[in-house]
Amino acid sequence: MEYVSTRGGTKAVDFEGALFSGYAPDGGLFMPQRIPSLDRDTLRRWSSLPYPELVKELCSLFIPDKLIPRNALSDLIDRAFKRFKHKDVVHLSRLKDGLNVLELWHGVTYAFKDLSLSCTGQFLQYFLEKKQKHVSILVGTSGDTGSSAIESVRGQKNMDIFVLLPKGFCTQIQELQMTTVIEDNVHVFAAQGNSDEIDEPIKELFADVDFAGKYNLMSLNSVNWSRIMVQIAHYFYAYFHCAPSLDTTPLPVVEIVVPTGGGGNITAGCIAQKMGLPIQLVTVVNSNDIIHRTVQHGDFSLAESVKATLASAMDIQEPYNVERILWLLSGSDSCLIKTMMEQFNISKRLKLPEDLHRKLSETLGSCSASDEDIVRAMRRCWEENQYLLCPHSAVAAHYHYSRTHSIPRCCLAPASAAKFQDALLQAGLVPQIPPEITALTAMETRSTPLERGQDWAQVLQGQIEAVTQQWEAQGGQFVPQGRGGSLGS
């Protein structure tokens, strides 16, 4: 299994190379050269597996045994899920009016990103320990990615993580989950900008191929293939628990509704569909509706500004994983994707070719929800079920409540309502706060401010250089990875 850039300008890498990369050197995103196809017997065999076992089966299709032997892979995934609060890791709540909610938030930070990042952290440590290497992890966050990434690598001697958060655009709890982690290898930056603005210095540093190679720069945002790979399991688990039977021909179809920000989770759904899972996919967004406009009208163009909404982790204008979806639907046409994305990068406007738009609209349904829609869905779910939804999950519930359905439907729930007290209060609901979250407000915090007018890329570059020098001075054997993205043989 090799991985290629969506833009075709980079030589293929193995899983290790994709894992230790951010953007590909040509600006594209790594995708598997070939998507495995699963037959009916495999689906039936997998249908009774618990979530961790599904993750193991899926990861083994994308990680060759020669890189991580199957027994080692199994141990890593077991270790990754050890800190999850629910015995099943994820949980399906069956509510009134056919509302099925797949709770993906039972990890340490109460967000779905704990699932993929806990595994990715284990994969990283496996290779780093084998080769005694060090990496610098650079992450931009719109809310939950930063804290999940920090928890996946905190205290690890082979990794330093640099997290940029958009000051004032995260909830207080999201910010505290990052700034209260006082570890030598954790470096948090509070930037005076929005989610799209903090992506710019990150792209700039990854585009500096010499710097990225010298300091083993990598990403844990959903640009990282490993995160997409683990998230494919959500769809298989949702399907197996919502499909009425796997004994019919053809297999029954399940509709899966996916709250969408940067597009990593919906990309995983498209791959699951491509693998042969009989699902219909719906991407749901808040008022920052570029993905909705792209699906409905082929209009992949920025709005005038990012709108602050109750579903703050989805306040994103440039969902970079759309590039992966378009590559998949174009038949891996890297020349087309390169041309389109270069045009978008210059003008921030793109009209999809008619054929590609048709394929996209056949693959995905879409819906956008206003803050008023979110509040209504949160209230209705509570009134009917005494069940609290986070505002992102409520975007999916809004879709469910506003449309009839003739097939089973599952709404993915990316975060616990406990992280979004202000949204609950706006909906007239009473937050239920776990003691671990309440304790955050009394803890020491640490972060570095990034002010408007500063050269954020230069500040980050200086910090990464200083931390690497310190690691070397403490006896670390630093071996740059070079331009290929992998840690070498």
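Here the structure is shown first, and the text comes after it.
The residue numbers shown here count from 1 along each chain, following its written sequence. Totals for whole chains, interfaces and linings use every residue, but because this is a predicted model, local features are given only for residues with pLDDT of at least 70 and side-chain atom pairs only at 80 or more, for both listing and counting. The side-chain quantities take in all heavy atoms of the structure and omit both hydrogens and water.

## Things to note about the side chain of Arg409
Let me state the cut-off plainly: Every helix listed is a DSSP run of H or I at least four residues long, and every strand listed is a run of E at least two residues long, numbered separately from the N terminus. Pairs of N or O atoms are called polar contacts if they sit within 3.5 Å, as long as, within protein, a hydrogen donor faces a hydrogen acceptor (for residues adjacent in sequence, only side-chain-to-side-chain pairs). In this description, contact between two residues means that some pair of their heavy atoms is separated by no more than 4.5 Å.
Among the secondary structure elements, Arg409 is positioned in strand β12 (residues 409-413). Polar side-chain contacts of Arg409 include one of 2.5 Å to the side chain of Glu255. A polar atom in the side chain of Arg409 sits 3.2 Å from the backbone oxygen of Arg403. With sequence-adjacent residues up to four places away left out, Arg409 is seen in contact with Gly98, Asn100, Glu255, Val257, Tyr399, His400, Arg403 and Thr404.

## Digging into the packing of helix α13 (residues 322-329) against helix α15 (residues 354-363)
Note the following rule: Only the contacting stretch of a helix is used when fitting its axis, a line to C-alpha atoms as for every element, and angles between N-to-C directions run 0 to 180 degrees. What sets the label is the angle itself: under 35 degrees gives roughly parallel, over 145 gives roughly antiparallel, 65 to 115 gives roughly perpendicular, and the rest give oblique. For this scheme, ten residues count as nonpolar: Ala, Val, Leu, Ile, Met, Phe, Trp, Tyr, Cys and Pro. Four count as charged, namely Asp, Glu, Lys and Arg, and the remainder, Gly too, count as polar.
At their nearest, the axes of α13 and α15 sit 10 Å apart, and the two run at 105° to each other. Here α13 lies roughly perpendicular to α15, going by the angle between them. Here α13 contributes Ile325, Leu326 and Leu329 to the contact with α15, which in turn contributes Leu356, Lys359, Leu360 and Thr363. Its residues assigned to classes, the contact of α13 with α15 shows five nonpolar, one polar and one charged.

## Observations concerning the pattern of salt bridges
For the record, the criterion: Should a side-chain nitrogen of Lys or Arg be within 4 Å of a carboxyl oxygen of Asp or Glu, the pair is scored as a salt bridge.
Under the counting rule described, the total for this entry stands at 24 salt bridges. Between Arg44 and Asp247 there is a salt bridge, and its shortest N-O distance comes to 2.8 Å. Residue Arg44 is found in helix α2 (residues 40-46), and its partner Asp247 is found in the loop between α10 (225-242) and β9 (254-259); the two are separated by 203 residues along the sequence. One salt bridge in this structure joins Arg452 and Glu197, with 3.1 Å as the shortest N-O distance. Taken together, the residues Arg452 in the loop between β13 (448-450) and α20 (456-473) and Glu197 in helix α8 (residues 195-207) connect sequence positions 255 residues apart. It is possible to trace a salt-bridge network through shared partners that takes in Arg83, Glu151, Arg154 and Glu183.

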